[in-house]
Amino acid sequence: MKHICMLISGICLAGVACAAVMGPTVNPDDQFRFFWQLGPDHYEQARDAGINMIIETLHDSHWWMLNGKARVKPSAKRDLLPRMAKDGVDYVEKITLGVGARRKTEYLQTSAEGKPNKRSVEVGRADFQAWAKDRLSVAADEVKDYAVIGVHVASEIRDGSKPSFSEEYAARCRAELGYEMPKDITTSRLSIESLPDFPADGIVEKNYRPLEYLVWFWKFGDRWNAFNGMVSDIFREKLGREFLTIYDPATRTPPLWGSGGNVTHINQWFYAEPQPYGMSFIVSEENAMARGRPGQRVFAMVQGITNNDRAAPPKMKIENPPAWKARTKGRKYITQPADLLREALWMAFARKTDGIGLYAWTALFDHPDSGKGFVYTDPTAFAAAADGFRRVGIPLGPLLKAVPERKPTVAFLESYVSSILDCRGSMGWNYNWGDLVVAANLAPYVIYEEEIEKTGIPDSVKVMIAPDCPALLRTTAEALKAFRARGGVIVASPELAAGVEADIALPKKRVPGRLVTPPCGAGQKLSMVRAPAL
């Protein structure tokens, strides 16, 4: 087995043979089993559980982001790299420039009121592009003579992104769309009630102005997809070879192709409480996204944490509370219970992915840092994950990576039109309708409107489930009518666009116990609410 040289800010570590030859991995046929950040004190436990890749930041990313050069932290993490190479554990460097750049206030998006949007950078600005390229080039130059398995280009960079009311953004809109940016659209998703000219049958054309504008915003306008591609391209050009590039959370957008730009792998995480089988639906959504970029592959990640308020409500009085209860006061997250973590991993094993990962090591291991953010409350949780990796992930990893998904018979429509014009759908969060379909053992094939427009509804599909679709593209509506005409069955919620007829109605009230994404107004902050009981 050939080991690759591990990288830390361009320094080739002593004791590890370095060569300018790219892997892509020390285990090319195996499935990745990874930790998304990991404390060095627990490396051996992770390795012995079957973890073969770690995504971590080993340099002072904020210093690098602000000053243009790396300042390596002498740390136990860096000292691990020779051992990782010897053990066949891959390393991915995590780039945090996209989030860290929010500290550069001169690059922030501009709100409709002319104030900085502190939650997002306007990455399309020429001065930001130059600044970012310079810093990324510095990082790439430092690693070009060494081998590295990959780069994690960005994470959670679009949560607060909105149309920017800067002159440069307005000029891009004018040049690329051919008209002035709509000044009355101040957020990235709308509500039908805010659209006086919305058609009564819920069917719109692609050039319906609010839709056309916000599709452009999500795919091109805010430039985040292009930024991710820029990170990937700079490293590829400087290194002159291919390697992994990863972006997450890839489906925290309307269901439109292109999230993450040209990265090789997209990732999405999942909170297993209270319905761990929903992990399978997360993979279905990722597959739908990846079909927009042939060859792009999918990772799935299970959160090692759960919400303290739901799992162990602080105000709930119980007899003989566990010892850890006192440590959770004021803390938002505690360890994911072992049984839920185990089931979520099993659902991930059941799907074709390139890798399965874990997050929240301070909640999965007893460590001094536990309690500062996440609280370690279940000593059996990581043991349950390790058992799954040893019994399933390690012996069957190559098989799980290679075996194709079965032909779909049940499709699940995710409409970008409804997402953008009425704030519908999952946006990458746990979704009760998706969980319900998985619980019914229907193996849903998530399908986007762009896929329907490009290649149609697969011939093998017999049932189309369409919740949360009050607005549809005309081409989607016509495809659904043709689907019914050939004998297909449409199962939809009552608010289905009036221009399409359903065969079976979903209940008005949703599956109990799950969080759902409600419709939101043009100026309303997206939030999560408890679903009502059936």
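Before going into details, it helps to say that this report is about the structure given with it.

Notes on the overall build of the protein chain
Next up, step 1: Within the protein chain one finds 17 helices and 24 strands.
Next up, step 2: Here the protein chain holds 534 residues, and the buried ones make up 60% of them.
Next up, step 3: Only carbon and sulfur atoms are counted for the fraction: they give 54% of the accessible area of the protein chain, which is about 21,600 Å².

Regarding the packing of helix H11 (residues 338-349) against helix H13 (residues 381-402)
Next up, step 1: One way to put it is that H11 packs onto H13 with a least axis distance of 9 Å and a crossing angle of 10 degrees. If you check the angle between H11 and H13, you find them roughly parallel. Side by side, H11 and H13 meet where Ala 338, Leu 341, Arg 342, Leu 345, Trp 346 and Phe 349 of the first sit next to Ala 381, Ala 384, Ala 385, Gly 388, Phe 389, Val 392, Gly 393 and Leu 400 of the second.

Section: the sheet that holds strand S18 (residues 445-448)
Next up, step 1: Read from one edge to the other, the open sheet built from five strands follows the order S18-S17-S19-S21-S22, with strand pairing classed as parallel. Every other strand in the sheet has two partners, leaving S18 and strand S22 (504-505) as the edge strands with one partner each.
Next up, step 2: Relative to strand S19 (residues 463-466), strand S17 (residues 410-414) runs parallel, the two being bridged by three bridges. Within S19, the position partnered with Phe 412 by the bridge is Ile 465.
Next up, step 3: Across the face of the sheet, helix H9 (residues 279-290) comes into contact with S17 and S18 while running at roughly 35 degrees to S18.

Let's talk about the environment of Ile 55
Next up, step 1: Examined against the element boundaries, Ile 55 turns out to sit in strand S4 (residues 53-56).
Next up, step 2: In this structure Ile 55 comes out as buried when scored by relative accessible area, which is 1%.
Next up, step 3: Separated by 20 residues in the primary sequence, Ile 55 and Phe 35 have C-alpha atoms spaced 6.3 Å apart.
Next up, step 4: Contacts of Ile 55, omitting those with residues within four sequence positions, involve Phe 34, Phe 35, Trp 36, Gln 37, Val 92, Lys 94, His 152 and Ile 246.

Looking at the sheet that holds strand S13 (residues 305-307)
Next up, step 1: Ordered by their spatial adjacency, three strands build an open sheet running S13-S14-S16, and the pairing between neighbours is mixed. At either end of the open sheet lies a strand with only one pairing partner, and these are S13 and strand S16 (374-375).

What to know about the environment of Glu 106
Next up, step 1: The residue Glu 106 is located in the loop between helix H4 (97-100) and strand S6 (108-110) in this model.
Next up, step 2: Overall, the relative accessible area of 40% leaves Glu 106 in the partly exposed class.
Next up, step 3: Separated by 22 residues in the primary sequence, Glu 106 and Phe 128 place their C-alpha atoms 9.0 Å from one another.

Description of the packing of aromatic side chains
Next up, step 1: Scanning the model with the defined rule gives 22 aromatic pairs in all.
Next up, step 2: Aromatic side chains Tyr 107 and Phe 128 sit 5.4 Å apart centroid to centroid with 75 degrees between the ring planes, which places their arrangement in the edge-to-face category. Residue Tyr 107 is found in the loop between H4 and S6, and its partner Phe 128 is found in helix H5 (residues 126-143); the two are separated by 21 residues along the sequence. The two residues Tyr 107 and Phe 128 agree in class, both being buried.
Next up, step 3: Consider the rings of Trp 224 and Phe 227, whose centres lie 5.3 Å apart with planes at 85 degrees: the pair is edge-to-face. You can see Trp 224 and its partner Phe 227 sitting in helix H8 (residues 224-239), three residues apart, about one turn around the helix.
Next up, step 4: The structure contains a cluster of three or more aromatic residues connected by ring pairs, namely Trp 36, Trp 269, Tyr 271, Tyr 333, Tyr 359 and Phe 374.
Next up, step 5: The ring of Tyr 179 carries the charged tip of Arg 209 above its face, separated from the ring centre by 3.6 Å.

A look at the nonpolar core
Next up, step 1: Counting residues in hydrophobic clusters, the biggest one holds 47 residues, and the most contacted among them are Val 121, Phe 128, Phe 227, Phe 235 and Phe 412.
Next up, step 2: Breaking this core down by element, the ones donating at least two residues are H5, strand S8 (150-155), H8, H9, S17, helix H15 (432-439) and S18.
Next up, step 3: Tallying contributions element by element places H8 first for this core, with seven residues.
Next up, step 4: Not counting residues within four places of it along the chain, the set of residues in contact with Phe 227 comprises Leu 97, Gly 98, Val 123, Phe 128 and Ala 132.
Next up, step 5: Grouped together as the second largest cluster of nonpolar side chains are 39 residues, Ala 348, Ile 356, Phe 365 and Phe 389 included.

Describing the packing of helix H6 (residues 167-177) against helix H7 (residues 209-221)
Next up, step 1: Packing of H6 against H7 leaves a shortest axis separation of 12 Å and a crossing angle of 110 degrees. Relative to H7, the element H6 is oriented roughly perpendicular. Contacts between H6 and H7 involve Tyr 169, Arg 172, Cys 173, Glu 176 and Leu 177 on the former and, on the latter, Glu 212, Tyr 213, Trp 216, Phe 217, Phe 220 and Gly 221.

Thoughts on the pairing of S8
In summary, the side chains of a regular strand alternate between the two faces of the sheet.
Next up, step 1: The buried fraction of S8 amounts to six of the six residues, a majority that puts the element mostly inside the structure.
Next up, step 2: Of the strand pairs in this sheet, strand S5 (residues 90-94) and S8 are connected by three bridges, and their pairing is parallel. Across the sheet, residue Lys 94 finds its bridge partner in S8, namely His 152.
Next up, step 3: Both S8 and strand S10 (residues 244-248) contribute to a ladder of five bridges, which runs parallel. Bridging from a neighbouring strand, Ala 154 pairs with Tyr 247 of S10.

Cut-offs used in this document
Residues numbered from 1 in each chain as written. Predicted model: local features only at pLDDT ≥ 70, side-chain atom pairs only at ≥ 80, totals over all residues. Heavy atoms only, no water. Helix = DSSP H or I, 4+ residues; strand = E, 2+ residues; numbered from the N terminus. Buried < 20%, exposed > 50% of the residue type's maximum accessible area, 1.4 Å probe, protein only. Areas by Shrake-Rupley, 256 points an atom, 1.4 Å probe, with all protein chains shown as cover. Axes fitted to C-alpha atoms, helices over the stretch in contact; angles between N-to-C directions. Parallel < 35°, antiparallel > 145°, perpendicular 65-115°, else oblique. Contact = heavy atoms within 4.5 Å. Pairing = 2+ DSSP bridges. Phe/Tyr/Trp six-rings, centres within 6.5 Å; stacked < 30°, edge-to-face > 60°. Lys NZ or Arg CZ within 6 Å of the ring centre and 35° of its normal. Core = buried A, V, L, I, M, F, W, Y, C linked by side-chain atoms within 4.5 Å.

Such coordinate-based values are descriptive only and should not be taken to indicate function.
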